[in-house]
Amino acid sequence: MAGIVSYGAYIPLWRLSREVIAKAWESASTGGERSVANNDEDAITMAIEAAIDCLADLEREKVDGLYFASTTSPYREKECSTLVAMAADLRPEIITSDFGNSLRAGTQALRGAVDAVVSGSASRVLVTASDCRIGYPRSNYEQTFGDAAAALLIGNAAKPAVTVEASYSLSNELYDVWRLDKDTYVQSWEDRFIIEHGYTESMEKAVSALLRKTGLSVNDVTKVVFYAPTARAQQGLARRLGFDVKTQLQDLLVNNIGITGCAHSLLMLVAALEEAKADDKILVASYGSGCDAFLLKVTKGIEEVRGNGRGVKSYINSKRPLSSYARYLSYRGLLEPQPGEPFRLFPAATTSWRERNWAIRMHGSKCKNCGTVAFPIERVCYKCRSRDNFEEVRLSDKKARVFTFTLDNLAGRSDDPTIPQIGAEFDCQNTRAYLPMTDCDPSEVKVVMPVEMTFRRLYEGAGMYNYFWKCRPLR
């Protein structure tokens with residue numbers, strides 16, 4: 001039976017108080033805070049973080065596919081799932097596919113993964129959903145949106161952590177929220193119309209149909225995971241269907257993260273699974289031009305999965321405040337700061353292809369003669385001079401420490417003028433690598449500080465986005 005083998009999540013370090021946004025526009029605050037992706041993060045980098053969190057100590061060679069869902073993909077014509085799969089160090093012989101253009105893209109990818117596993121075309125498929133949506137300045141969306149990613153590993157395991165018991169989907173064509181191909185900001189129609197004829201009607205029909213299909217009553221469901229644009233809409237739907245808001249309804253996460261687009265229903269599901277017990281029945285429903293609804297049953301295997309990754313709870317507690325609204329605008333590319341020292345080298349498709357194993361997978365070379373590990377991959381061992389006699393080893397999941405560092409005042413931008421350049425030493429044969437540091441206060445960087453790897457956008461050039469690995473303080 002197809003089910004969830006593992007789960008993971010990612011929430012950026014930076015949080016912006018909604019009071020700060022409201023003060024900038026002399027308007028009312030909706031309360032709480034929202035997550036904000038750093039200026040070197042996007043939907044791809046967040047999906048990679050969630051994928052690695054989901055895989056944890058699992059054998060990556062057993063993954064047969066990766067699906068990437070997003071409404072804010074950095075590329076309009078280039079598959080992003082292949083980059084996510086490579087950075088997560090999955091083997092090349094897998095199925096990859098992108099899902100987009102809908103707030104249901106995450107659950108559509110989930111349905112596709114379940115169908116692939118049930119049909120036997122794949123034994124394990126990793127589903128990632130990630131979004132970085134932008135609301136109009138001064139709009140409610142600017143306050144309520146948040147940035148995050150979630151991942152689920154779907155497999156045909158003998159003892160999955162969660163089994164997929166049933167599902168139901170329907171489509172509904174209407175203009176509620178949308179973006180044209182030339183738009184930066186999310187557009188929307190009048191709120192009452194959106195909630196009544198879009199969200200509530202679609203979700204109520206789909207959830208009711210799923211309950212009839214499975215022969216269950218509302219009292220048989222332990223937890224309901226309802227995506228919603230607002231907490232009021234979510235609670236109103238739950239009451240209409242007869243669910244107890246206090247005991248059955250999963251927290252919308254809007255107060256401390258925000259609504260995270262197509263990743264949100266999966267992110268809420270991960271949060272629910274962190275608290276779930278064996279035999280719990282979870283009903284998940286997402287909305288976007290219709291509805292996807294799933295009935296899940298938690299098994300005893302949930303205890304083996306819990307604690308392997310960081311999940312939602314750990315990332316919620318790991319945060320730093322964003323100091324100003326202007327910095328948020330800069331991070332989202334809406335306000336152009338003074339640029340830093342320009343890069344004089346530009347990416348090339350040939351170079352990117354040739355160096356992808358160390359630049360994207362973060363592989364080092366381990367000498368078969370003396371065991372020395374080098375990064376980047378070196379054809380000649382610097383210790384024993386053995387030539388072309390090495391195997392590749394993954395370093396992206398290895399912990400490291402600051403061996404030496406310098407604070408670069410030329411490489412940054414006006415919003416982050418100082419970039420720590422780190423000589424990191426890994427807990428792997430004392431391998432060393434030269435890496436920029438992100439998500440940090442430069443004044444707090446010290447020798448022997450523990451760090452971990454994170455895949456980030458480095459710069460844009462020659463019409464391409466250039467990605468590479470950085471280090472950050474442990475979260």
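Whatever comes next refers back to the structure up there.
Residues numbered from 1 in each chain as written. Predicted model: local features only at pLDDT ≥ 70, side-chain atom pairs only at ≥ 80, totals over all residues. Heavy atoms only, no water.

**Some remarks on the overall build of the chain**
The line we're drawing: Per the convention used, a helix needs a DSSP run of H or I reaching at least four residues, while a strand needs a run of E reaching at least two, with both numbered from the N terminus. We take the radius of gyration over the C-alpha atoms and set the globule estimate at 2.2 Å times the residue count to the 0.38 power. When a residue's accessible area, from a 1.4 Å probe over protein chains only, is under 20% of the maximum for its type it is buried; when over 50% it is exposed; and in between it is partly exposed. The contact definition used throughout considers only heavy atoms, calling two residues in contact when any of these lie within 4.5 Å. Throughout, the Shrake-Rupley method with a 1.4 Å probe supplies accessible areas, and for residues the shown protein chains are the sole cover considered. Only four residue types enter the charge count: Lys and Arg as positive, Asp and Glu as negative, with His and the chain ends excluded. To locate a charge, take atom NZ for lysine, CZ for arginine, CG for aspartate or CD for glutamate.
Check the secondary structure of the chain and you find 13 helices and 22 strands. Against the globule reference of 23 Å for 475 residues, the chain gives a C-alpha radius of gyration of 23 Å, in line with a compact fold. In terms of its C-alpha atoms, the chain occupies a principal-axis envelope of roughly 70 × 55 × 35 Å. Across the 475 residues that make up the chain, the buried fraction comes to 54%. Within the chain, contacts between residues separated by at least 24 positions form 71% of all contacts whose residues are at least 6 apart in sequence. When the accessible surface of the chain is totalled, it reaches about 21,200 Å², and 49% of it is carbon and sulfur. The averaged location of the 59 negative side-chain charges in the chain is 3 Å from the averaged location of its 59 positive side-chain charges.

**A few points about the pairing of strand β3 (residues 33–36)**
Here is the rule: Strand pairing is assigned whenever DSSP identifies at least 2 bridges connecting the two strands.
Alternating positions in β3 separate into two faces, E33 and S35 on one and R34 and V36 on the other, with burial throughout. Pairing of strand β2 (residues 14–17) with β3, which is carried by four bridges, proceeds in the antiparallel orientation. Across the sheet, the residue bridging to R15 is S35, located in β3.

**Overview of the environment of G215**
In this fold, G215 is placed in the loop between α6 (191–214) and β11 (223–226). With 122 residues separating them in the primary sequence, G215 and P337 have C-alpha atoms 58 Å apart.

**Brief notes about the packing of aromatic side chains**
To keep it simple, the criterion reads: Note on aromatic pairs: the rings of Phe, Tyr and Trp (six-membered ring only in Trp) are paired at centre separations within 6.5 Å, and the planes decide the class, stacked below 30 degrees, edge-to-face beyond 60, tilted for the rest. By definition here, charges over rings are those cases where NZ of Lys or CZ of Arg is within 6 Å of the ring centre and within 35 degrees of the ring normal.
One pass over the full model with this rule turns up 14 aromatic pairs. Ring plane angle 80° and centroid distance 5.7 Å describe the contact between Y199 and Y287, whose orientation is recorded as edge-to-face. In this pair, Y199 sits in helix α6 while Y287 sits in strand β12 (residues 281–287), placing the two residues 88 residues apart along the sequence. When its relative accessible area of 1% is taken as the criterion, Y199 is described as buried. Counting every residue linked through ring pairs, the aromatic cluster contains W25, Y325 and Y328. When the ring centre of Y75 is taken as reference, the NZ or CZ atom of K78 above it lies at 5.5 Å. Between R457 and the ring centre of Y465, over which it is positioned, the NZ or CZ distance is 3.8 Å.

**Digging into the sheet that holds strand β15 (residues 363–367)**
The three strands lie next to each other as β16-β15-β17, forming an open sheet whose pairing is antiparallel. Each having just a single partner strand, β16 (373–374) and β17 (390–394) make up the two edges of the open sheet. When β15 meets β16, the two strands line up antiparallel, connected through two bridges. Pairing of K366 across the sheet is with V373, part of β16.

**Description of the pattern of salt bridges**
Two side chains carrying opposite charge are able to pair once their charged atoms lie near each other. Which entries qualify depends on this criterion: When a carboxyl oxygen of Asp or Glu lies within 4 Å of a side-chain nitrogen of Lys or Arg, that pair is called a salt bridge.
Scanning the entire structure with this criterion turns up 29 salt bridges. Between D292 and R104 there is a salt bridge, with the nearest N and O atoms lying 2.9 Å from each other. Here D292, found in strand β13 (residues 290–298), pairs with R104, found in the loop between β5 (95–99) and α4 (105–119); they are 188 residues apart in sequence, far enough to count as distant. Of the two residues, D292 and R104, both sit in the buried class.

**Side note on the state of the cysteines**
Where we set the bar: Here, a disulfide means two cysteine sulfur atoms that sit within 2.5 Å of each other.
Enumeration according to the criterion identifies zero disulfides in this entry. Cysteine C370 is unpaired, with the sulfur of C381 as its nearest cysteine sulfur at 3.6 Å. Exposure remark for C381: the relative accessible area of 9% places this residue in the buried category.

**Digging into the sheet that holds β3**
Operational definition: Here an axis means a line fitted to C-alpha atoms, over the contact stretch when the element is a helix, while the angle between two N-to-C directions is reported on a 0 to 180 degree scale.
Pairing within the open sheet is mixed, and its three strands lie in the order β3-β2-β14. Of all the strands in the sheet, just β3 and β14 (320–321) have a single pairing partner and so form its edges. Here helix α1 (residues 18–25) sits on the sheet and contacts β2 and β3; the angle it forms with β2, its principal contact strand, is near 50°.

**Brief notes about a nonpolar patch on the surface**
Quick note on the threshold: Patch definition: residues above 30% relative accessible area lacking any salt bridge, with like charges linked at up to 9 Å and the nonpolar side chains Val, Leu, Ile, Met, Phe, Trp and Tyr linked at up to 5 Å.
Where nonpolar side chains cluster on the molecular surface, the patch consists of F405, L407, V447 and V448 and spans about 320 Å² of accessible area. Here F405 shows up in strand β18 (residues 400–408).

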